[in-house]
Amino acid sequence: MNFLAIGTEIAIALLMLIVLAADLLLPKDVSHRRIGVISMVGLAVILVYTFGQYHIGASPTFFGGLFFVDNYALFFKQLFIIGMLFTILFSLEYTEKLLRYRGEFYVLLLSALLGMCVMASANDFITTFVGLELMTVSFYILVGARMTSEDSSEAAVKYLIVGAASTAVMLYGMSLVYGAAGSLVFSEVCRNIHLFYAAGLAGVIMVIIGFFFKLSVIPFHMWAPDVYQGAPTPVTALLAMGSKAAGIAVFMRILYTAFPILGNFWLPLLAGFAALCMIGGNIMAIRQTDIKRMLAYSSIAQAGYMMVGMAAADLAGMKAVLFYAMLYVFANLGAFAVLTVIDTERGGTSRRDITGLAQAAPLLAAVMTISLLSMAGIPPTAGFAGKLYLFTAVVERGYLWLAFVGFVMSMISVYYYLMVAKAMYRDLTPEEAEYAAPVYVPLTVRAAVLVSVFATLGLGICPEWLASLTNAAVQTFMR
Amino acid sequence: MISFVEMMHLALHVGLPHFLLLSAVLFAIGLFGLFTKKGIIAVLMCIELMLNAVNINFIAFNHYMPATDLSGQLMALFSIAVAAAEVAIGLALAFRIYHDHHTVNVDDLNHLKG
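Residues numbered from 1 in each chain as written. Chains lettered and ligands numbered in written order. Predicted model: local features only at pLDDT ≥ 70, side-chain atom pairs only at ≥ 80, totals over all residues. Heavy atoms only, no water.

Asks: Can you explain the overall build of chain B? Please cite residues and give values.
Replies: What chain B contains, in helices and strands, is four helices and zero strands. Starting at the N terminus, the α and β elements of chain B follow one another as α-α-α-α. Relative to its length of 114 residues, chain B is extended, with a C-alpha radius of gyration of 19 Å against a globular reference of 13 Å. Judged by the C-alpha coordinates and their principal axes, chain B covers about 60 × 35 × 25 Å. Classification of the 114 residues of chain B by burial places 38% in the buried group. Contacts spanning at least 24 positions in sequence make up 56% of the contacts within chain B whose residues lie at least 6 apart. When the accessible surface of chain B is totalled, it reaches about 6800 Å², and 75% of it is carbon and sulfur. Considering chain B, the positive charge centre built from 4 side chains and the negative charge centre built from 7 side chains are found 15 Å apart. (Helix = DSSP H or I, 4+ residues; strand = E, 2+ residues; numbered from the N terminus. Rg over C-alpha atoms; globule rule 2.2 N^0.38 Å. Buried < 20%, exposed > 50% of the residue type's maximum accessible area, 1.4 Å probe, protein only. Contact = heavy atoms within 4.5 Å. Areas by Shrake-Rupley, 256 points an atom, 1.4 Å probe, with all protein chains shown as cover. Lys, Arg positive; Asp, Glu negative; His and termini not counted. Charge placed at Lys NZ, Arg CZ, Asp CG, Glu CD.)

In structure tokens:
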């Protein structure tokens with residue numbers, strides 16, 4: 001038993017318990033910011049620790065190879081930890097003002113993070129399932145965490161029903177794969193030729209459909225806009241970057257290590273659904289007036305872009321997916337930090353609520369614009385470099401049409417992203433003068449948005465640093 | 001066409017196909033109920049049916065497999081635990097939406113749309 005291999009997970013679980021105990025010890029009427037600070041400090045230490053886990057030789061494993069800590073898993077774990085760390089940073093104020101159960105909120109965030117980290121390392125269906133459920137069950141509660149909002153409870157119910165049903169479909173698929181292949185370990189499944197039998201194929205399809213639900217791929221996306229809109233804003237941010245990236249991490253590992261012999265079946269399927277996502281997500285985002293709902297459709301489109309890289313199914317494609325997932329985290333951090341402040345101060349996230357933000361809080365308006373431009377893929381933001389990697393990878397594999405669809409849809413997406421910028425920067429009419437009143441921006445939010453902007457611009461101007469890290473992560477995939 | 005003798009043989013010896021059929025029927029009933037039922041409690045029961053169908057599948061495959069390694073039964077155990085957690089949260093949310101919306105009818109939850 002190599003307990004060092006699961007050091008990250010043990011540390012997160014311990015941190016979770018410490019936070020839980022601290023919440024119990026703290027009187028109810030005292031500010032709970034210190035609990036947030038404890039979890040942030042803990043996460044920062046764990047983040048530094050994960051850098052030390054990168055390795056060159058054989059990857060450490062745990063539980064007889066069921067838990068696999070290769071550089072690929074480490075990269076995703078760092079992505080989740082960074083996302084969680086900065087989400088807690090910019091939501092301290094929001095949690096304090098709008099949530100009733102503040103201590104539990106941090107505990108559940110950490111348990112969702114634990115689930116994501118387990119997923120990134122999963123090397124068999126049991127570990128995948130346990131990690132996935134730890135994450136989604138935590139998210140069911142987090143989505144409903146805003147006790148005073150009726151939208152929050154409605155979103156939680158919708159998420160629970162769709163999430164549980166998709167889990168059942170995925171599990172049924174896993175059971176069929178297990179019956180056909182005789183094992184739940186990815187590397188054993190891929191060796192078994194019985195996967196070509198009807199039961200095996202049905203199982204593979206159901207597993208893929210289950211993941212499509214989790215990644216909100218069109219046409220399995222109907223839950224996403226409602227849930228994103230109703231959930232507390234920091235939780236929406238985590239759903240968009242953490243939950244989606246975790247799904248992609250484990251989906252990619254399953255496709256490449258458990259089902260590679262069926263590649264001829266699922267590769268065209270993946271390319272088709274990627275195109276559907278990019279087209280549908282971007283078109284439907286245009287007519288949204290609520291920014292969170294718009295970002296939900298935008299995240300459907302972003303999942304489509306990442307699936308383009310998965311459809312390339314080679315090292316360059318994987319590298320592009322990893323790169324894009326990381327820069328999407330930074331873009332999301334900026335956008336949702338701004339939305340969190342707006343939600344706290346103005347009580348909503350519709351396009352009307354961000355009117356005149358350029359006068360009320362110039363920093364936030366600038367950050368929002370840069371983050372959205374990064375999602376659209378405009379140079380010199382990181383989004384441009386990410387899309388360049390994705391599309392070159394897929395063109396080299398012969399999917400020219402897919403890159404073309406992605407390119408056209410990126411251009412269309414600029415429209416609705418800039419509509420948001422227009423709402424923030426346009427001149428105010430005399431009736432709207434109240435919107436020019438300065439908005440209180442806490443210091444923590446300033447720090448979070450500055451980090452996100454520097455990362456977005458920095459990675460756009462010199463993407464080599466992150467590219468070399470993704471290279472290292474991909475080259476040693478499953479080794 | 002199978003002969004009468006073969007049919008009797010099939011009916012008297014319970015084997016893997018019977019379990020798979022049972023689980024497929026259970027799963028289908030659950031899925032059907034998921035789309036047709038309106039109350040959240042009934043919907044949760046249908047999800048539970050689907051998850052139990054999966055458990056039957058895992059255990060049956062595990063039992064009839066040439067080399068037994070028990071991983072299927074292990075998966076069924078995990079799945080039971082997770083299903084319990086999901087239903088616990090589902091019931092808590094049922095209370096919550098009854099408090100917020102004065103209904104447990106899932107179809108009436110239509111404030112969020114666009």
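Asks: Any chance you could break down the interface of chain A and chain B for me, citing the residues and the numbers?
Replies: Taken together, the 45 residues of chain A in the interface contact 40 residues of chain B. With both chains or domains summed, chain A and chain B bury close to 3600 Å², and 74% of this area falls on carbon and sulfur atoms. The largest contributions to the chain A side of the interface with chain B come from A:Glu154, A:Tyr172 and A:Tyr178, which together make up 18% of the buried area. Summed over the shared surface of chain A and chain B, the number is zero salt bridges. Counting across the chain A and chain B interface gives 14 residue pairs in polar contact (both at pLDDT 80 or more). When residues of the side of chain A that touches chain B are traced back to their parent elements, those giving at least two are helix 5 (125-143), helix 6 (150-181), helix 9 (223-230) and helix 12 (291-312) of chain A. The element that contributes the greatest number of residues to the side of chain A that touches chain B is helix 6 of chain A, accounting for 23 residues. Grouping the constituent residues of the side of chain A that touches chain B by class yields 25 nonpolar, eleven polar and nine charged. (Buried area = accessible area lost by both parts, 1.4 Å probe. Salt bridge = Lys/Arg side-chain N within 4 Å of Asp/Glu carboxyl O. Polar contact = N/O pair within 3.5 Å; in protein donor to acceptor, adjacent residues only side chain to side chain. Nonpolar A, V, L, I, M, F, W, Y, C, P; charged D, E, K, R; others polar.)

Asks: Would you mind going over the side chain of A:Glu93 in detail, with residue names and values included?
Replies: With respect to the element layout, A:Glu93 can be found in helix 3 (residues 71-98). With residues up to four places along the chain from it excluded, the contact list for A:Glu93 reads A:Arg33, A:Tyr440 and A:Pro442.

Asks: Let's hear about the nonpolar core: which residues, and what values?
Replies: All names here are of chain A. By size, the foremost hydrophobic cluster in this structure holds 222 residues, and its most contacted members are Phe76, Phe80, Phe125, Phe139, Phe259, Met310 and Leu402. With 21 residues, helix 13 (residues 315-346) is the largest single contributor of residues to this core. Once residues within four sequence positions are removed from consideration, Met310 is found in contact with Ile248, Phe251, Met252, Leu255, Tyr256, Leu267, Leu270 and Val321. Grouped together as the second largest cluster of nonpolar side chains are seven residues, Ile6, Phe62, Phe67 and Val69 included. (Core = buried A, V, L, I, M, F, W, Y, C linked by side-chain atoms within 4.5 Å.)

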